[in-house]
Amino acid sequence: MVAVDKDLSTYGADRPENLRLIEDDILASPDWGGSFDLIHARFVLCHLPARNALLARAVDWLAPGGWLVVTDPYQLPAATSPYPVLQRLLAAYEQRYRNHGTDLT
């Protein structure tokens, strides 16, 4: 098992023995063509402005028959809630993340 992250400081010593950590920026990473049976990108693509290009590269990193699993957040628009307090909270959340380049839709 391999985990690639820009910052490995959050990985504790209690991680599985078969987990190999690679500290790297996936936007500037080497070409891992055909290397992985499974790629799981959790809450990654929504934060990156070049998400479409990265997604295309990730597909190329898969071994034949490999799987790409993307689990990014999705948030319904704030106006869909019937509760004014929740509308304000969700709208603030959307705006905060939009300011950082995150696309929650």
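None of these values were measured; they are calculated from a predicted model.

Criteria and cut-off values
Numbers given to residues run from 1 along each chain, matching the order in which its sequence is written. Totals for whole chains, interfaces and linings use every residue, but because this is a predicted model, local features are given only for residues with pLDDT of at least 70 and side-chain atom pairs only at 80 or more, for both listing and counting. Calculated side-chain values reflect all of the structure's heavy atoms, with hydrogen atoms and water omitted. Secondary structure elements follow DSSP: runs of H or I no shorter than four residues count as helices, runs of E no shorter than two count as strands, and numbering proceeds from the N terminus. Just to be clear, the radius of gyration here is over C-alpha atoms, and the globule rule we use is 2.2 Å times residues to the power 0.38. We call a residue buried when its accessible area falls under 20% of the maximum for its residue type, exposed when it is over 50%, and partly exposed in between, using a 1.4 Å probe and counting protein chains only. Only heavy atoms enter the contact rule, under which two residues are in contact if any of them lie within 4.5 Å. Only the protein chains shown count as covering a residue, and every accessible area follows the Shrake-Rupley method with a 1.4 Å probe. His is not counted, nor are the chain ends; Lys and Arg add positive charge and Asp and Glu add negative charge. To locate a charge, take NZ of a lysine, CZ of an arginine, CG of an aspartate or CD of a glutamate. Only residues whose relative accessible area exceeds 30% and that take part in no salt bridge are eligible for patches, with like-charged residues grouped when within 9 Å of each other and nonpolar side chains (Val, Leu, Ile, Met, Phe, Trp, Tyr) grouped when within 5 Å. The working definition used for a salt bridge is a side-chain nitrogen of Lys or Arg within 4 Å of a carboxyl oxygen of Asp or Glu.

Thoughts on the overall build of the protein chain
Along the backbone of the protein chain there are 2 helices and 4 strands. Counting from the amino terminus, the protein chain carries its helices and strands in the arrangement β-β-β-α-β-α. Relative to its length of 105 residues, the protein chain is extended, with a C-alpha radius of gyration of 17 Å against a globular reference of 13 Å. A principal-axis box enclosing the C-alpha atoms of the protein chain has dimensions of 50 × 30 × 25 Å. Buried positions account for 23% of the 105 residues belonging to the protein chain. Nonlocal contacts in the protein chain, meaning residues at least 24 apart in sequence, comprise 51% of its contacts between residues at least 6 apart. With an accessible surface of roughly 7,600 Å², the protein chain has 57% of that area assigned to carbon and sulfur atoms. Charge-centre separation for the protein chain: the mean point of 9 positive side chains lies 9 Å from the mean point of 13 negative side chains.

Considering a nonpolar patch on the surface
A surface patch of nonpolar side chains, amounting to about 330 Å² of accessible area, comprises L38, W67 and V69. Note on placement: L38 falls in strand β3 (residues 36-42).

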